[in-house]
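The lines below spell out each chain.
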Amino acid sequence: MAEPLILVERDQDVAILTFNDPQRLNAMSQAMGEAFAAQVATLSSDDALRAVVLTGAGRAFSAGGDLAMIQQRADEGAAAPGIARRGIRDSMHSFYKLFLAVRDLPCPTIAAINGAAVGAGFCVALACDVRIASCSGDYAVGDECAVDQPDLRRLFAAEHQELANEFASNAPAAVRSTKRALARSLDATLEDQLSFEAHEQAICFETQDAQEGIAAAKERRSPRFTGT
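Keep in mind the model is a prediction, meaning the values are calculated, not measured.

*Asks:* I'd like to hear about the overall build of the protein chain, residue by residue, with values.
*Replies:* Check the secondary structure of the protein chain and you find 8 helices and 7 strands. With the C-alpha coordinates aligned to their principal axes, the bounding extent of the protein chain is approximately 70 × 50 × 40 Å. Burial analysis of the protein chain (228 residues in total) assigns 40% to the buried set. Sequence separation of 24 or more characterises 66% of the internal contacts of the protein chain that already satisfy a separation of 6 or more. Total accessible area computed for the protein chain in this model is approximately 13,300 Å², and 56% of it derives from carbon and sulfur atoms. One way to put it: in the protein chain the 21 positive side-chain charges average out to a point 3 Å from where the 31 negative ones average out.

Dropping the structure here:
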């Protein structure tokens, strides 16, 4: 049985999605995109989820578009210039949206760039909220990487896990509201954005986590948010 193209690991309220085609440097194919979008759809409906890490198996994050697919599109275009353009445009648009489904996740997303991120693979990393790049391989720079590769991989994994846990430690309703507000801010007027953020704050004020945050501030202690 073939290995799944997208691996999913769960560590309490943090999920790790892994592009899993290391033999081809996690090249982005239609099958991988469909598997990725399906996993994102499942995670998007999980109210207990507080952070998602996206990374790649092996030595690359993603080498970008699958060459066989690119060759097919080039052959179609060459065979029918102008005529095939609309069909190619629509298929490529649908293809990209499969991977850009990562933007549908309501919780913070972290691209853990463990190696090369090329073309569309780099675009997917940019679509995440935060990016952390390993300094292994092509990323190696000076003394910062003067450690054994296995140790470096462990340090990299620990770093993106620590960041995910930091996101997860905050009140999830407030974090999701903040992400929604940031996502729409570029296209909104100031008045529209103020109205949206005031609405989101009103929702957050209904939660028990709001009470906990206030109590923790008064008592000078770390809050214990429960997601309620």
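*Asks:* Let's hear about the nonpolar core: which residues, and what values?
*Replies:* Grouped together as the largest cluster of nonpolar side chains are 33 residues, with contacts concentrated most on Leu17, Phe19, Phe36, Val52, Leu54, Phe61 and Phe99. Of all the secondary-structure elements, those providing two or more residues to this core are strand E2 (14-19), helix H1 (30-44), strand E3 (51-56), helix H3 (85-99), strand E5 (109-113) and helix H4 (120-127). The dominant element in this core, judged by the number of residues it contributes, is H3, at 5 residues. Excluding its chain neighbours within four sequence positions, the residues that come into contact with Leu54 are Leu17, Phe19, Phe36, Phe61, Ile110, Ala111, Ala112, Val124 and Cys128.

*Asks:* Before we move on, can you summarise unusual backbone geometry with the specific residues and values?
*Replies:* Even without being glycine, Gln12 reaches a positive phi, approximately 55°. Among the structural elements, Gln12 can be located in the loop between strand E1 (6-11) and E2. Backbone geometry places Arg220, a non-glycine residue, at a positive phi of 55°.

*Asks:* Now, about the sheet that holds E3: what can you tell me, with residues and values included?
*Replies:* What the 5 strands build is an open sheet, ordered E1-E2-E3-E5-E7; its pairing is mixed. Only two strands of the sheet have a single neighbouring strand rather than two, namely E1 and strand E7 (130-133). Each adjacent strand pair in this sheet contributes to an overall mean axis angle of 20°, direction not counted. Here E2 runs beside E3; their pairing, made up of 6 bridges, is parallel.

Cut-offs applied
Residues numbered from 1 in each chain as written. Predicted model: local features only at pLDDT ≥ 70, side-chain atom pairs only at ≥ 80, totals over all residues. Heavy atoms only, no water. Helix = DSSP H or I, 4+ residues; strand = E, 2+ residues; numbered from the N terminus. Buried < 20%, exposed > 50% of the residue type's maximum accessible area, 1.4 Å probe, protein only. Contact = heavy atoms within 4.5 Å. Areas by Shrake-Rupley, 256 points an atom, 1.4 Å probe, with all protein chains shown as cover. Lys, Arg positive; Asp, Glu negative; His and termini not counted. Charge placed at Lys NZ, Arg CZ, Asp CG, Glu CD. Core = buried A, V, L, I, M, F, W, Y, C linked by side-chain atoms within 4.5 Å. Pairing = 2+ DSSP bridges. Axes fitted to C-alpha atoms, helices over the stretch in contact; angles between N-to-C directions.

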